[in-house]
Structures are given as C-alpha cells and as structure tokens.
Amino acid sequence: FRFLTHFRVTVSSGFAFDFNAKPDSFATIPQAELDLVLIGESYHLEQAWERIFKPLIQELGRDYLRILYDRLQEMYDILRVAGKADVRHDPWCMRGSIRERDAYRQDRNSSLVVDCLLDVVEAMSEKYSGLPVGLIEEWLSADVPTLVRVGLLSLRLSKTCSGKDKVKLVIDRGLVY
C-alpha cells in the first residue's frame, strides 16, 4: 500500500509577476512550477483501494493511518519548500467539506491520499467509537491544514470524548477564530 501512494515531483515552465516592473507595464518572469503527482493512474489506484485495501481497514487501519499521515506530511513538506503551501493553506484544504471526494480528484492527483485517509478515519471511528484522543490531538496541532481538518472530523466522529471535552480541545488548540 505504501508503494501505491508514492508520488513524484513534476517541474514545468511557469511564470510569476514581476513586482519590480514599472506601474505602466505588465511584466512576468520565468519560474519553475512544481507539482506532486501519484505514480499510478488515479483510476487504477482508486480501484485497488476500493477492492483490495479498503476491505482490510478493520485489520490494518492503524498501519494505514500511519502510512497516509506520513505521506500527507511528506507531500506537504515538499509543497511548503516550493512555496505552494503554508500553515494556513495546502492543496487539499480548499474542499468545501473535508468529506467531499470526487469533485477534487484528477488524473494522478495527490488528493486520493486524503480520500483514503478519510475512509480509514470514518471506518475506524465507526468500529472503535473514535480514534485515540492522542492521535486526534496530534492532528489538531499539526502544521498541515488538511490534517487539522481531518482531526476536527475525527473529533466530531468520536463517541468516547464528551461534548464539553471536544469544545475545550478545540479552544485550547486555538481553532476558534
């Protein structure tokens, strides 16, 4: 499963606005565009996930959580270095609802990793009445905005944490603006 979620960095020709240009001119400067793509085709990866790996969530859920967390963190770190992500934005955080899936997936799109993570979180939350509170706290404190959103979903799905404790955790993490 870890192998199937490998990605590669693609570099293409892009441009940026030249902010040192004179006010009466519009200028751009060449700039490399970096993107992350999954090695396999999204369709085939999705089929493998649905038919082979997803049915094993009950047995391998904790391993999947670790693998998907590590992969998401690794992709975020690369995008952050490239200037395409920061503590408030990453490519996956723009979903209207974190649970929206197909609308954001394209060929070889790395959002499949987020979708798989959501499947694991939802299945494990249903079976075990929620994920371990320590894991949820780790995600709520993460630098990766999408992991914070997944942490909030995990907290919402948790049946072991009282409503009062959930509110306290969200406030303590500074997630209420």
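Parameters at a glance
- Residues numbered from 1 in each chain as written.
- Predicted model: local features only at pLDDT ≥ 70, side-chain atom pairs only at ≥ 80, totals over all residues.
- Heavy atoms only, no water.
- Helix = DSSP H or I, 4+ residues; strand = E, 2+ residues; numbered from the N terminus.
- Buried < 20%, exposed > 50% of the residue type's maximum accessible area, 1.4 Å probe, protein only.
- Contact = heavy atoms within 4.5 Å.
- Salt bridge = Lys/Arg side-chain N within 4 Å of Asp/Glu carboxyl O.
- 1 Å grid on protein atoms, 1.4 Å probe; cavity = no way out; pocket = protein on both sides within 12 Å on 5 of 7 lines; lining within 4 Å.
- Points joined across faces, edges and corners; volume = space filled by probe spheres on them.
- Nonpolar A, V, L, I, M, F, W, Y, C, P; charged D, E, K, R; others polar.

Participant: How should I be thinking about the environment of Trp139 in this particular structure?
Facilitator: Mapped onto the elements of the fold, Trp139 is located in helix α4 (residues 133-140). Its relative accessible area of 0% is what places Trp139 among the buried residues. In this structure Trp139 touches Leu65, Tyr69, Leu117, Val121, Leu131, Leu147, Val148, Val150, Gly151 and Ser154, once residues within four positions along its chain are discounted.

Participant: Is there a simple way to think about the pattern of salt bridges in this case?
Facilitator: What the rule picks out here adds up to seven salt bridges. A salt bridge links Lys54 to Glu50, with the nearest nitrogen and oxygen atoms 3.7 Å apart. One salt bridge in this structure joins Asp172 and Lys168, with 2.7 Å as the shortest N-O distance. Residue Asp172 and its partner Lys168 are both found in helix α6 (residues 163-172); the two are separated by four residues, about one turn of the helix. We classify Asp172 as partly exposed; its relative accessible area is 47%. Sharing partners across several salt bridges, the network here consists of Glu50, Lys54 and Asp119.

Participant: I would appreciate a short explanation of empty space enclosed by the protein in the present structure.
Facilitator: Empty space among the atoms becomes apparent when a probe as large as a water molecule is rolled across them. With the rule as written, the count across this model stands at one cavity of 30 Å³ or more. What the largest cavity holds in volume is close to 80 Å³. What lines the largest cavity is simply Phe1, Leu4, Thr5, Leu38, Leu45, Ala48, Trp49, Phe53, Leu112, Val113 and Cys116. It is helix α1 (residues 42-53) that contributes the most residues to the lining of the largest cavity, four residues altogether. Of the residues belonging to the lining of the largest cavity, the class tally is 10 nonpolar, one polar and no charged.

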